[in-house]
Amino acid sequence: MSPGVQEVGLYVRDQEEALAFYVGKLGFRVHTDVRNGNYRWLTVQHPDQPSLQLGLFKPGPPVLDEATAQTLHAIVAKGAMPPLVLGVDDCRAAYERLRAAGVEFTQEPTSRFGNVDASFRDPSGNGWKMIEARG
Amino acid sequence: MPLLRIPMSLATIFSSMSVDSETQDPDLLRRLLRAKDRMDAASHEDWPVPRLARVSRVCPAHFARSFKQAFGLPPHRYLLTRRIERATALLRDTDRPITEIAFDTGWESLGTFGRTFRDVTGESPGAIRTRARAAAYEFGRLPACFISAAHRPDLTISVSEKRRREGTDIKAPDQKEIP
């Protein structure tokens, strides 16, 4: 195991819905899916990046109290979580494929300074920028 | 006396409604975000409240209040900040004439654009263009979309209020054009 970031988490409103989105639409794979009562540790990974796990967590008891969870749900639903960036080989092709799969795009592919980028949101409201970097 | 109870109970309901968006239903917030996203994607278009309300699947009568509660400013003013942000980016990143930028970012006349731009940012479009280019090197390593967002004006008050405070509200006949 090499030193570095191994896992980062997102808050989602519904883990089943998030799983269907990240695995079923974006093509991520399930890394870990473990339940303990109401608690579910669910992480996925990009097929080309096995070293990083993306956690899909629903805020709530027993980890967080209801009031805190409600605050986090509101923040996610308002799109106020920090930006996420997904690198792709071909932004326009990925856009066409994902849009056909029903992904909610908030910005069509746009060329800026040699890069092409588009934006989409997951069902919860987390915003992704999808960037095809200049080679 | 029963007639008096109706307004009183309404007042109770409204006073108990927090202005905090944390009390708003996350499903409603998600739909309001969709309207905000649509304005972001096409800020040059007209976004009257009924159109935004349809995107959010909210009753038009409640849309503006819900939006403001969620995002801290009314939808028309949010749109204005995005237009100014986009115009600023175009002034900085392109050599296109200011007139073209004005029409492309949703204004119907160069005069309205220039005046609103000055009222919001404190500088004329031409001055911003000169200054932004001089400072461009500082942002060389940031993705373009985040640079753009960093230049979004923070409009905590309406433009007409801003004008009034600065004592520049002398062109009253044009006020209706300002969102």
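About the thresholds
- Residues numbered from 1 in each chain as written.
- Chains lettered and ligands numbered in written order.
- Predicted model: local features only at pLDDT ≥ 70, side-chain atom pairs only at ≥ 80, totals over all residues.
- Heavy atoms only, no water.
- Helix = DSSP H or I, 4+ residues; strand = E, 2+ residues; numbered from the N terminus.
- Buried < 20%, exposed > 50% of the residue type's maximum accessible area, 1.4 Å probe, protein only.
- Areas by Shrake-Rupley, 256 points an atom, 1.4 Å probe, with all protein chains shown as cover.
- Contact = heavy atoms within 4.5 Å.
- Buried area = accessible area lost by both parts, 1.4 Å probe.
- Salt bridge = Lys/Arg side-chain N within 4 Å of Asp/Glu carboxyl O.
- Polar contact = N/O pair within 3.5 Å; in protein donor to acceptor, adjacent residues only side chain to side chain.
- Nonpolar A, V, L, I, M, F, W, Y, C, P; charged D, E, K, R; others polar.
- Pairing = 2+ DSSP bridges.
- Axes fitted to C-alpha atoms, helices over the stretch in contact; angles between N-to-C directions.
- Left-handed = near helix turned anticlockwise from the far one by under 90°.
- Core = buried A, V, L, I, M, F, W, Y, C linked by side-chain atoms within 4.5 Å.

Caption draft 1: How the structure looks around the overall build of chain B. Summing up its helical and strand segments, chain B has 10 helices and zero strands in all. Along chain B, helices (α) and strands (β) appear in the sequence α-α-α-α-α-α-α-α-α-α when read from the amino end. When the 179 residues of chain B are sorted by exposure, 40% land in the buried category. Put simply, chain B shows about 10100 Å² of open surface, and 57% of that area lies on carbon and sulfur atoms.

Caption draft 2: Broad picture of the interface of chain A and chain B. Across the boundary between the two partners, chain A contributes 19 residues, which contact 17 residues of chain B. Together, the buried faces of chain A and chain B total about 1600 Å²; carbon and sulfur atoms form 58% of this surface. The largest per-residue losses of area from chain A upon contact with chain B belong to Ala77(A), Lys78(A) and Glu104(A), which jointly make up 33% of the total buried on that side. On inspection of chain A and its partner chain B, the count reaches four salt bridges. In this structure, Arg30(B) engages Glu104(A) in a salt bridge whose closest nitrogen and oxygen atoms are separated by 2.9 Å. Run the count over chain A and chain B and you get six residue pairs in polar contact (both at pLDDT 80 or more). For the side of chain A that touches chain B, the secondary-structure elements that each account for two or more residues are α2 (66–77) and β6 (104–112) of chain A. Sorting elements by how many residues they give to the side of chain A that touches chain B places α2(A) first, with five residues. Here the residues of the side of chain A that touches chain B sort into five nonpolar, seven polar and seven charged.

Caption draft 3: Spatial organisation of the pairing of strand β3 (residues 39–46) of chain A. All names here are of chain A. Note that strand β2 (residues 29–36) and β3 share seven bridges and pair antiparallel. When the sheet's bridge partners are listed, Asn-36 is paired in β3 with Tyr-39. Between β3 and strand β4 (residues 49–57), which pair antiparallel one after the other, the connecting turn spans two residues.

Caption draft 4: Up close: the sheet that holds strand β7 (residues 115–121) of chain A. All names here are of chain A. Taken in spatial order, the four strands of this open sheet run β5-β8-β7-β6, and their pairing is mixed. A strand with exactly one partner marks an edge of an open sheet, and here the two such strands are β5 (84–87) and β6. Recorded for the sheet is a direction-independent mean angle of 20° between the axes of neighbouring strands.

Caption draft 5: Representation of the packing of helix α2 (residues 26–41) of chain B against helix α5 (residues 75–93) of chain B in the model. All names here are of chain B. α5 packs onto α2 with a crossing angle of 35° between their chain directions and a minimal axis gap of 9 Å. As α2 packs across α5, the resulting crossing turns out to be right-handed. Packed against α2, whose contacting residues are Lys-36, Met-39 and Asp-40, the element α5 presents Pro-75, Tyr-78, Leu-79 and Arg-82 at the interface. In terms of residue class, the contact of α2 with α5 is made up of four nonpolar, no polar and three charged.

Caption draft 6: Structural context of the pairing of strand β8 (residues 127–132) of chain A. Residue and element names in this part refer to chain A. Pairing analysis gives four bridges linking β5 to β8, with the strands arranged parallel. Counted as the bridge partner of Leu-86 is Met-130 from β8. Two elements, β7 and β8, share six bridges in a ladder whose sense is antiparallel. Considered in β8, the bridge of Val-116 is made with Glu-132.

Caption draft 7: How the structure looks around the nonpolar core. Formed by 26 residues in total, the largest nonpolar core has its most connected members in Tyr22(A), Leu56(A), Phe105(A), Phe120(A), Trp128(A) and Met130(A). Elements represented by at least two residues in this core include exactly α1 (15–25), β3, β4, β5, α3 (91–100), β7 and β8 of chain A.

Caption draft 8: View of unusual backbone geometry. Cis geometry marks the peptide bond from Pro61(A) to Pro62(A); its omega dihedral reads 5°. Inspection of the secondary structure assignment puts Pro62(A) in the loop between β4 and α2. Of note in the backbone geometry, Arg57(B) takes a positive phi value of approximately 50° without being a glycine. Position of Arg57(B) relative to the elements: it lies in the loop between α3 (49–56) and α4 (60–71).

Caption draft 9: Molecular detail of the sheet that holds β2(A). All names here are of chain A. An order of β1-β4-β3-β2 is seen for the four strands of this open sheet, with the pairing classed as mixed. Two strands in the sheet have a free side with no partner beyond their single neighbour: β1 (7–11) and β2. Pairs of neighbouring strands in the sheet enclose a mean axial angle of 25°, with direction left out of account. Across the sheet, α1 lies against β1, β2, β3 and β4, angled at about 10° from β3, the strand it touches most.

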